[in-house]
Amino acid sequence: MTSLVVESVASTTKRQRIATHTHIKGLGLDEEGNAAPMGAGWVGQEQAREACGLIVDMIKQKKMAGRALLIAGAPGTGKTALALGVAQELGSKARVQLLLWSRI
Ligand SMILES: Nc1ncnc2c1ncn2[C@@H]1O[C@H](COP(=O)(O)OP(=O)(O)OP(=O)(O)O)[C@@H](O)[C@H]1O
Ligand SMILES: [Mg+2]
């Protein structure tokens, strides 16, 4: 009897990772702009979240016009999640351009 071997073959086309961010609810900062180790869907990245909080404040004070925010980091470290957190903190009326750069 002939046996049938089933193998999976990896695609040769570019792989794309789809990340969900539904757990991210803002930047998880307190009134003074400090980040707790866990909060608003975040685990860690306190310094990055606090830095983004400063940017949110500057945008609200209209001090970021004509400037760019560059979020750099290795893949999967939360750049897009940070950008989403900033957008959520600003609300739907803010118009901001964010440039995301992924460094391998
Ligand atoms: N510190 C964190 N706390 C909670 N969730 C996180 C954290 N960092 C990343 N994530 C989640 O991990 C996943 C990957 O993060 P994200 O897509 O933001 O990374 P990225 O730096 O933008 O990656 P890439 O370089 O591939 O664009 C997402 O689902 C994101 O919400
Ligand atoms: Mg990203």
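What counts, and at which threshold
Residues numbered from 1 in each chain as written. Chains lettered and ligands numbered in written order. Predicted model: local features only at pLDDT ≥ 70, side-chain atom pairs only at ≥ 80, totals over all residues. Heavy atoms only, no water. Helix = DSSP H or I, 4+ residues; strand = E, 2+ residues; numbered from the N terminus. Buried < 20%, exposed > 50% of the residue type's maximum accessible area, 1.4 Å probe, protein only. Contact = heavy atoms within 4.5 Å. Areas by Shrake-Rupley, 256 points an atom, 1.4 Å probe, with all protein chains shown as cover. Core = buried A, V, L, I, M, F, W, Y, C linked by side-chain atoms within 4.5 Å. Axes fitted to C-alpha atoms, helices over the stretch in contact; angles between N-to-C directions. Parallel < 35°, antiparallel > 145°, perpendicular 65-115°, else oblique. Left-handed = near helix turned anticlockwise from the far one by under 90°. Nonpolar A, V, L, I, M, F, W, Y, C, P; charged D, E, K, R; others polar.

Engineer: I'd like a rundown of the overall build of the protein, residues and numbers included.
Structural biologist: When you go through the protein residue by residue, the secondary structure sums to two helices and four strands. Starting at the N terminus and walking to the C terminus, you meet the elements of the protein as β-β-α-β-α-β. Expressed as a percentage of its 104 residues, the buried residues of the protein come to 23%. For the protein, long-range pairs separated by at least 24 residues make up 53% of all intrachain contacts whose partners lie at least 6 apart in sequence. On the protein, roughly 8,400 Å² of surface is accessible, and the fraction owed to carbon and sulfur atoms is 55%.

Engineer: Describe the nonpolar core, naming the residues involved and giving the relevant values.
Structural biologist: The biggest cluster of nonpolar side chains holds 15 residues, and the ones touching the most others in it are Leu27, Leu82 and Val86. With five residues, helix α2 (residues 79-90) is the single largest residue contributor to this core. When sequence neighbours within four positions are dropped, the list of residues in contact with Leu82 reads Leu27, Trp42, Ala48, Arg49, Cys52 and Ile71.

Engineer: Describe the packing of helix α1 (residues 46-60) against α2, with residues and values.
Structural biologist: At their nearest, the axes of α1 and α2 sit 10 Å apart, and the two run at 40° to each other. The angle between α1 and α2 places the two elements in the oblique class. The two elements α1 and α2 cross, and the hand of that crossing is right-handed. Residues Ala48, Arg49, Cys52, Val56, Ile59 and Lys60 of α1 lie in contact with α2, whose contacting residues are Leu82, Val86, Glu89 and Leu90. Here the contact of α1 with α2 is built from residues that sort into seven nonpolar, no polar and three charged.

Note that all results are geometric; they support no functional claim without further evidence.
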